[in-house]
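Structural characterization, general
Each chain is listed here by its residues.
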Amino acid sequence: MTDKKQNWPKALANAINLATSVAMAFAVGLLGGQWLDEKFNTAPWLMLIGLIFAALTSGKMMWERLMDDNRSDATYQKKDKEENP
Amino acid sequence: MMFGFWDGVFFKIGPIPVDHLVVTQWGIVAVIGLVAFFATRNMQICPSGLQNAFEAMIVWTYDFFTQLMDKEHVAKRYAPLLTTFFLFILFCNYSGLIPGAAHIKGFQPPTSNWNVTITLALITVFAVQISGFQEHGLHYFGHFVSPSPLMLPLNLLEEITHPLSLTVRLFGNIFGEEMIIAYMLFLVPFVVPSALMALSVLLGAIQAIVFTILSASYIAAATGEGH
């Protein structure tokens, strides 16, 4: 069976990136929404919209990460079948 | 004063004020430049000493970034920028370990001030957009409305989170570390802070690596086949 080559720089980058990007998406959504609420006197609606956008963006980032991993797994499995039919 | 609350200006170049952070960074750039100058001033076909160490480092960084970014030509194009990020941030972080840092007026590690970290993150943002444009042309900008124009706000928010996460992570870690060491030195001036300072040697290197790897992964994402 083919050894699944671990690309550790990529794995490390993915792990660190996802965690902080999700946190930052919520920070931008929350603080940006609060700032707009103060500016347009619409509290708390724009903050809530910001949070919804942040949650959707976080979900999108996680989904893309998952799809990348699935694609990578499929590539390894295909290679494995070709080498060991 | 500690940690950059002192915003003193050393001197002015025309209308531009030059503060302590800029002067500290000039010092760090001069040190890195001097080491590079001595390593390359008398290059030999069979390298030895500093030239050997630099050549080994450059070969290692090319291999490392090629592994991370998949495309070799992109890795070679951006390895000098990314390696410069690493060296500059490492030296900035370690400048906090020099006795007197954060205690002598005007001398603080540049990366413990968010103005410096956001500048570094903005350089990454420009590099990412330029690399994506170079690789895919105008099609690159299509990823902002991919898979549907309805995704534009989410894609823009995602793009904004990248430099912010780079900025906050580096600034927060180095600022926090400097604060803890300074308060420890104030409370227990001997022995105890040494353990934290030893830990900050590790932390300084980790933060430099993390910033560099993340910048490389953003460039890789912009130049990848997905766009």
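In this report, the structure presented in the accompanying data block is examined. Please read these numbers as outputs of a predicted model, since none were measured by experiment. (Residues numbered from 1 in each chain as written. Chains lettered and ligands numbered in written order. Predicted model: local features only at pLDDT ≥ 70, side-chain atom pairs only at ≥ 80, totals over all residues.)

Attention now moves to the overall build of chain A. Within chain A one finds 2 helices and 0 strands. In summary, chain A has a C-alpha radius of gyration of 20 Å against a globular reference of 12 Å for 85 residues, an excess of more than 25%. Counting only residues that meet the buried cut, chain A has 18% of its 85 residues in that class. Considering only contacts in chain A between residues 6 or more positions apart, those separated by 24 or more positions represent 54%. (Helix = DSSP H or I, 4+ residues; strand = E, 2+ residues; numbered from the N terminus. Rg over C-alpha atoms; globule rule 2.2 N^0.38 Å. Buried ≥ 20, exposed ≤ 12 C-beta atoms within 10 Å, placed from the backbone. Contact = placed C-beta atoms within 7 Å.)

A word on helix H1 (residues 20-40) of chain B. Residue and element names in this part refer to chain B. The terminal C-alpha atoms of H1, which comprises 21 residues, lie 30 Å apart, in line with the 30 Å expected from a rise of 1.5 Å per residue. When we look at burial in H1, the residues that qualify are His20, Leu21 and Thr24. The buried residues of H1 occupy an angular sector of 120° when projected down its axis, which confines them to one face. Turned more than 90 degrees away from the buried face of H1 sit Trp26, Ala30, Gly33, Phe37 and Thr40, all of them exposed. Contacts made by the buried residues of H1 are with strand E1 (9-13), strand E2 (16-19), helix H3 (72-95) and helix H4 (114-136). (Expected span 1.5 Å × (residues − 1). Arc of directions from axis to C-beta.)

Right, let's get into the nonpolar core. Soluble, globular proteins show a tendency: their nonpolar side chains are buried together. By size, the foremost hydrophobic cluster in this structure holds 37 residues, and its most contacted members are Met69, Ile89, Phe211, Ala216 and Ile219 of chain B. Residues in contact with Ala216 of chain B, not counting those within four places in the same chain, are Phe65, Leu68, Met69 and Leu82 of chain B. Grouped together as the second largest cluster of nonpolar side chains are 6 residues, Met24, Val28 and Phe53 of chain A together with Leu157 of chain B included. (Core = buried A, V, L, I, M, F, W, Y, C linked by C-beta atoms within 7 Å.)

In this section: the packing of H4 of chain B against helix H6 (residues 192-223) of chain B. Residues and elements named next belong to chain B. Following both chains from N to C, one finds H4 and H6 inclined at 25°, their axes separated by 8 Å at the closest point. Classed by the angle they form, the pair H4 and H6 counts as roughly parallel. As for how H4 packs across H6, the hand of that crossing is right-handed. Contacts between H4 and H6 involve Thr124, Ala127, Val128, Ser131, Gly132 and Glu135 from the former and Ser215, Tyr218, Ile219, Ala222 and Thr223 from the latter. (Axes fitted to C-alpha atoms, helices over the stretch in contact; angles between N-to-C directions. Parallel < 35°, antiparallel > 145°, perpendicular 65-115°, else oblique. Left-handed = near helix turned anticlockwise from the far one by under 90°.)

This part covers the interface of chain B and chain A. Chain B puts 18 residues into the contact, and the matching count from chain A is 18 residues. Of all the secondary structure elements, the ones that give two or more residues to the side of chain B that touches chain A are helix H2 (49-69), helix H5 (152-187) and H6 of chain B. A class-by-class count of the residues in the side of chain B that touches chain A yields 11 nonpolar, 5 polar and 2 charged. (Nonpolar A, V, L, I, M, F, W, Y, C, P; charged D, E, K, R; others polar.)

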